[in-house]
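# Chains, contacts and geometry: an overview
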Amino acid sequence: MPEIDLIPAAWRAQRKTRRTLRRAALAVAGLVIGIGAVRVGLEVSTRHAQSAVQALQAARRDGDRETARLSALQARHAELERQEVLIATLRGPGLVSGVLQPLDLALEDGLWFDELQYSRPTLLPPPGSPPPATDSSLGIRGKASDAAAVGRFVDALASRGPCQKPTLAPGEARRYTRFELVEFAVSCPLRPAAGGHG
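Residues numbered from 1 in each chain as written. Predicted model: local features only at pLDDT ≥ 70, side-chain atom pairs only at ≥ 80, totals over all residues. Heavy atoms only, no water.

Attention shifts here to the overall build of the protein chain. Each helix and strand counted, the protein chain has four helices and four strands in total. Taken from the N to the C terminus, the helices and strands of the protein chain come in the order α-α-β-β-α-β-β-α. In the protein chain, buried positions account for 20% of the 198 residues. Carbon and sulfur atoms make up 60% of the accessible area of the protein chain, which totals about 14700 Å². (Helix = DSSP H or I, 4+ residues; strand = E, 2+ residues; numbered from the N terminus. Buried < 20%, exposed > 50% of the residue type's maximum accessible area, 1.4 Å probe, protein only. Areas by Shrake-Rupley, 256 points an atom, 1.4 Å probe, with all protein chains shown as cover.)

Attention shifts here to the packing of aromatic side chains. This model, assessed by the stated rule, comprises two aromatic pairs. Three or more aromatic residues joined by ring pairs form one cluster here, namely Phe-113, Phe-153 and Phe-184. (Phe/Tyr/Trp six-rings, centres within 6.5 Å; stacked < 30°, edge-to-face > 60°.)

Turning our eyes to something else, we now look at the pattern of salt bridges. Any two side chains of opposite charge can pair if their charged atoms end up close together. Throughout the structure, instances matching the rule amount to six salt bridges. Here Glu-108 makes a salt bridge to Arg-152, at a shortest N to O gap of 2.7 Å. Placement of the pair is Glu-108 in the loop between helix 2 (93-106) and strand 1 (111-119) and Arg-152 in helix 3 (residues 147-159), with a sequence separation of 44 residues. Exposure remark for Glu-108: the relative accessible area of 25% places this residue in the partly exposed category. (Salt bridge = Lys/Arg side-chain N within 4 Å of Asp/Glu carboxyl O.)

Looking now at helix 3. For helix 3, built from 13 residues, the straight-helix expectation of 18 Å at 1.5 Å per residue is met to within 8% by its first-to-last C-alpha distance of 18 Å. The complete set of buried residues in helix 3 reads Ala-149, Val-150, Phe-153, Val-154, Ala-156 and Leu-157. In a view along the axis of helix 3, the buried residues occupy a sector of 160°, so they form one face of it. Away from the buried face of helix 3 by more than 90 degrees, exposed residues Ala-147, Asp-155 and Ser-159 are located. If you check the start of helix 3, you find a side-chain oxygen 3.2 Å away from the backbone N of Ala-148, and it comes from Asp-146. (Expected span 1.5 Å × (residues − 1). Arc of directions from axis to C-beta. Polar contact = N/O pair within 3.5 Å; in protein donor to acceptor, adjacent residues only side chain to side chain.)

This is the structure:
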């Protein structure tokens, strides 16, 4: 006996269309969900990347601060080393016995210092080695009761004092209430033994 199909063709076509639409809707929904998941994943990875960038920027700022602090400490250390060399020079027997004591012996009554300047180029030697020999100089500004006292003082500096070739820059005679004083300025390079640490 032949089979008779009692289901109308329109209903089958409609059902087939519904199935196709359902599959298309599921595909679109899957696509939308996939796009949403990708977007959420991108946002999460973007936030992680931003956090990482902020952490790197904070680390860089910390590094810059530490670099500035290290530079300041190195500058301070160099200044302290320079001062240590200067203090060692001033404490050293070379300055006292080679410069100040002969200067005191050359000083006579009627002569006063307004300014005494000792200068020595400070070059830091390599660690463990003695300080290099450098040229030191002495500058003196003062007043005297007369020009002859200044002349004797400069001669004493050259003959038995620490100076090699003192240079005198005579100043003016200044009149005060009861007396007159002669201003002077002397500059001289020091003898090597006087400028050293001997």
